Amino acid sequence: MKYKIAVIPGDGIGPEITTQAELVLARLGELFGHEFATTHVLAGGAAIDVFGEPLPDQTIEIAKESDAVLLGAVGGPKWDGMPGHLRPEAGLLKLRKSLNLYANLRPAILYDALKEACPLRADLVEGGLDILVMRELTGGIYFGEKGRREGPNGPEAYDVECYSEMEVERIARAAFEAARNRGRDKKVTSVDKNNVLESSRLWREVVIRVAAEYPDITLEHMFVDNAAMQLVRAPKQFDVILTSNIFGDILSDEASMVTGSIGMLPSASLSSAGMPGVYEPIHGSAPDIAGKDVANPIATILSLSMMMRHAFGLESEAATIDQAVKEVLEAGWRTGDIAKPGERTIGTKEMGRRIIDALKR
Ligand SMILES: NC(=O)C1=CN([C@@H]2O[C@H](COP(=O)(O)OP(=O)(O)OC[C@H]3O[C@@H](n4cnc5c(N)ncnc54)[C@H](O)[C@@H]3O)[C@@H](O)[C@H]2O)C=CC1
Ligand SMILES: CC(C)CC(=O)C(=O)O
Ligand SMILES: [Mg+2]
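Everything quoted here is computed from the prediction, not taken from an experiment.

Thresholds applied
Residues numbered from 1 in each chain as written. Chains lettered and ligands numbered in written order. Predicted model: local features only at pLDDT ≥ 70, side-chain atom pairs only at ≥ 80, totals over all residues. Helix = DSSP H or I, 4+ residues; strand = E, 2+ residues; numbered from the N terminus. Rg over C-alpha atoms; globule rule 2.2 N^0.38 Å. Buried ≥ 20, exposed ≤ 12 C-beta atoms within 10 Å, placed from the backbone. Contact = placed C-beta atoms within 7 Å. Pairing = 2+ DSSP bridges. Right-handed = clockwise from strand over helix to strand, strands pointing away. Core = buried A, V, L, I, M, F, W, Y, C linked by C-beta atoms within 7 Å. Axes fitted to C-alpha atoms, helices over the stretch in contact; angles between N-to-C directions. Near = placed C-beta within 6 Å. Nonpolar A, V, L, I, M, F, W, Y, C, P; charged D, E, K, R; others polar. UniProt positions renumbered as here; feature names shortened; annotations may be inferred. Expected span 1.5 Å × (residues − 1).

In this section: the overall build of the protein chain. Broken down by element type, the protein chain carries eleven helices and twelve strands. Against the globule reference of 21 Å for 361 residues, the protein chain gives a C-alpha radius of gyration of 20 Å, in line with a compact fold. Seen through its principal axes, the protein chain has C-alpha atoms that stretch 60 × 50 × 45 Å. Split into buried and exposed, the 361 residues of the protein chain put 48% on the buried side. Pairs at least 24 residues apart make up 76% of the contacts formed inside the protein chain by residues separated by at least 6 positions.

What follows is the structure in structure tokens.
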């Protein structure tokens, strides 16, 4: 079978990690007899350099014609001085909006072999961790009205947090469905700031309404400040965390570190309108380590596993990737971000090669 995949390497470590993921994809295709046909397109700083804008129409068109999109990361100091709407990050937001990718699934799993990379006390993560952050991705403050103006005390700036009932309803439904299908604690923790924000009060009302359709799922509510604390105090209490765009962005970075490193967390950004999903690591372009062959490619490789499952329904192929990653970690191979002090480390390319060698049908 042929699958069309648009690849957006992006900036910084983006090209290094997507290269490894593409090599995994090629080997997986050989093993299972699929043709994964990739087309490279530009977004982010790389697109600004060529086209003068962070998301050219051509990239959106090719993405829309594809079955799935694999993305590295965008952004970097070279483009930091650009006006907001022309920055690399604006291209990523536009891509998410253009494809209506309102549901961002960020699974934070602590692998057995990485227990020691978790900075928390061993008893807090005994038995492992498997949290799904369900982040709303096309609404909220990242997309609200923004601007500069003259205020009573001089120049000021504003960004508006706004959610419609429809936006909350569909992401809540995605979270309850996920909690049901995961078959774990069947619990959704909705994270908001309902004690202060009107948008959070609407969020909570809608979530409670949707919860009535899921009597088998336990719903609890938590303020975001408490959630940030609870994630390091007692992370095992979480099954599915349902939250807004900005809160999910922040909490998923925190959750990633609880599982060892931000270099481990994949994501799937999905729509329900027949658009292709975008599969990408949750981390950024890491300019501090770009071009040094030290970035961990596992988050990107695990994003491919999510692509196999969510875009193509290829469960065995997804399990093959997951198993290969597990075996390589169990064999003790580590990039710098998941290594103990003084432990021998391998680079991006070698980690990719070892995962490819471990792929077995
Ligand atoms: N999805 C995307 O394209 C995202 C883009 N960004 C952009 O990335 C740039 C850098 O942002 P930061 O705040 O530094 O976040 P970042 O996630 O790029 O890096 C944070 C820290 O984690 C490390 N790190 C990240 N990924 C790693 C990996 N795979 N292996 C090992 N270490 C890794 C970095 O070296 C850095 O020390 C900015 O321009 C930002 O706007 C940030 C987040 C997401
Ligand atoms: C441009 C940012 C919103 C990207 C980001 O930090 C993320 O999606 O995690
Ligand atoms: Mg982020």
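Anyway, onward from the coordinates.
This paragraph deals with the environment of Ala-179. Residue position: Ala-179 is located in helix α5 (residues 165-182). What makes Ala-179 buried here is the crowd of 25 C-beta atoms within 10 Å. Placed 39 residues apart in sequence, Ala-179 and Thr-218 show a C-alpha to C-alpha distance of 9.2 Å. For Ala-179, the residues in contact, after removing those within four places along its chain, are Lys-186, Lys-187, Val-188, Ile-217, Asp-239 and Val-240.

With that out of the way, let us pick up unusual backbone geometry. Even without being glycine, Asn-100 reaches a positive phi, approximately 55 degrees. Relative to the elements of secondary structure, Asn-100 occurs in the loop between α4 (88-98) and β4 (103-110). Given 16 C-beta atoms within 10 Å, Asn-100 falls into the partly exposed group. Residues other than glycine seldom take positive phi values, yet Ala-286 does so here, at roughly 40 degrees.

With that settled, consider the pairing of strand β2 (residues 35-40). Examined bridge by bridge, strand β1 (residues 2-10) and β2 share six bridges and lie parallel to one another. Residue pairing across strands places Val-7 opposite His-40, the latter belonging to β2. Crossover connection from β1 via helix α1 (residues 14-32) to parallel β2: handedness right-handed.

Attention now goes to the nonpolar core. Among the nonpolar cores identified, the biggest contains 98 residues, and Leu-70, Met-134, Ala-175, Leu-242, Leu-304 and Ile-321 are the most heavily contacted of them. The element best represented in this core is helix α9 (residues 298-310), accounting for eight residues. Leave out the neighbours within four places in its chain, and Ile-321 touches Val-24, Leu-28, Ile-301, Leu-302, Leu-304, Ser-305 and Met-308.

One open sheet holds the ten strands; their spatial order is β2-β1-β3-β12-β11-β4-β5-β10-β8-β9, and the pairing between them is mixed. Strands at the two margins of the open sheet, each flanked by one partner only, are β2 and β9 (218-223). Neighbour-to-neighbour, the strand axes of the sheet open up by a mean angle of 25 degrees, direction not taken into account. As judged from the three bridges shared by β4 and strand β11 (residues 268-270), these two strands associate in the antiparallel manner. By the bridge assignment, Asn-104 is partnered in β11 with Ser-269. With respect to the sheet, helix α6 (residues 198-211) is in contact with β8 (187-192), β9 and β10 (240-243), its orientation differing from that of β8 by roughly 165 degrees. Against the sheet, helix α8 (residues 245-258) makes contact with β4, β5 (129-136), β8 and β10, and its axis sits at roughly 160 degrees relative to β5, the strand it touches most.

Another aspect to go through is the site of ligand 2. Glu-89, Leu-92, Tyr-142, Asp-249 and Ile-282 make up every residue found near ligand 2. Taken together, the residues of the shell around ligand 2 break down into three nonpolar, no polar and two charged.

Every one of the 21 residues lining ligand 1 counts as a neighbour, but Gly-75, Gly-263, His-283, Gly-284 and Asn-296 are closest to it. Taken together, the residues of the shell around ligand 1 sort by class into ten nonpolar, seven polar and four charged.

In this section: the UniProt feature "site: Important for catalysis" (unreviewed entry) in the protein chain. Here the UniProt feature "site: Important for catalysis" (unreviewed entry) sits at Tyr-142 and Lys-193. Along the polypeptide, Tyr-142 turns up in the loop between β5 and β6 (146-151). Setting aside residues no more than four positions away along its own chain, Tyr-142 makes contact with Leu-93, Asn-245 and Ile-246. Relative to the helices and strands, Lys-193 resides in the loop between β8 and α6.

Right, let's get into the environment of Thr-243. Tracing the chain through its elements places Thr-243 in strand β10. Judged by the 26 C-beta atoms lying within 10 Å of it, Thr-243 is buried. Once the C-alpha coordinates of Thr-243 and Ala-46 are considered, the two residues, 197 residues apart in sequence, prove to be 31 Å apart. Setting aside its immediate chain neighbours within four residues, Thr-243 contacts Arg-135, Val-191, Gly-248 and Leu-251.

A few words now on helix α10 (residues 315-330). With 16 residues, α10 should reach 22 Å at 1.5 Å per residue; the first-to-last C-alpha distance of 22 Å fits that figure. With its phi angle positive at about 95 degrees, Gly-332 sits one or two positions after the end of α10.

Of the two faces of β10, the one carrying Val-240 and Leu-242 and the one carrying Ile-241 and Thr-243 are both buried. Pairing geometry for β5 and β10, over four bridges, is parallel. Across the sheet, residue Leu-132 finds its bridge partner in β10, namely Val-240. Here β8 runs beside β10; their pairing, made up of four bridges, is parallel. Among the inter-strand pairings, Thr-189 is bridged to a residue of β10, identified as Ile-241.

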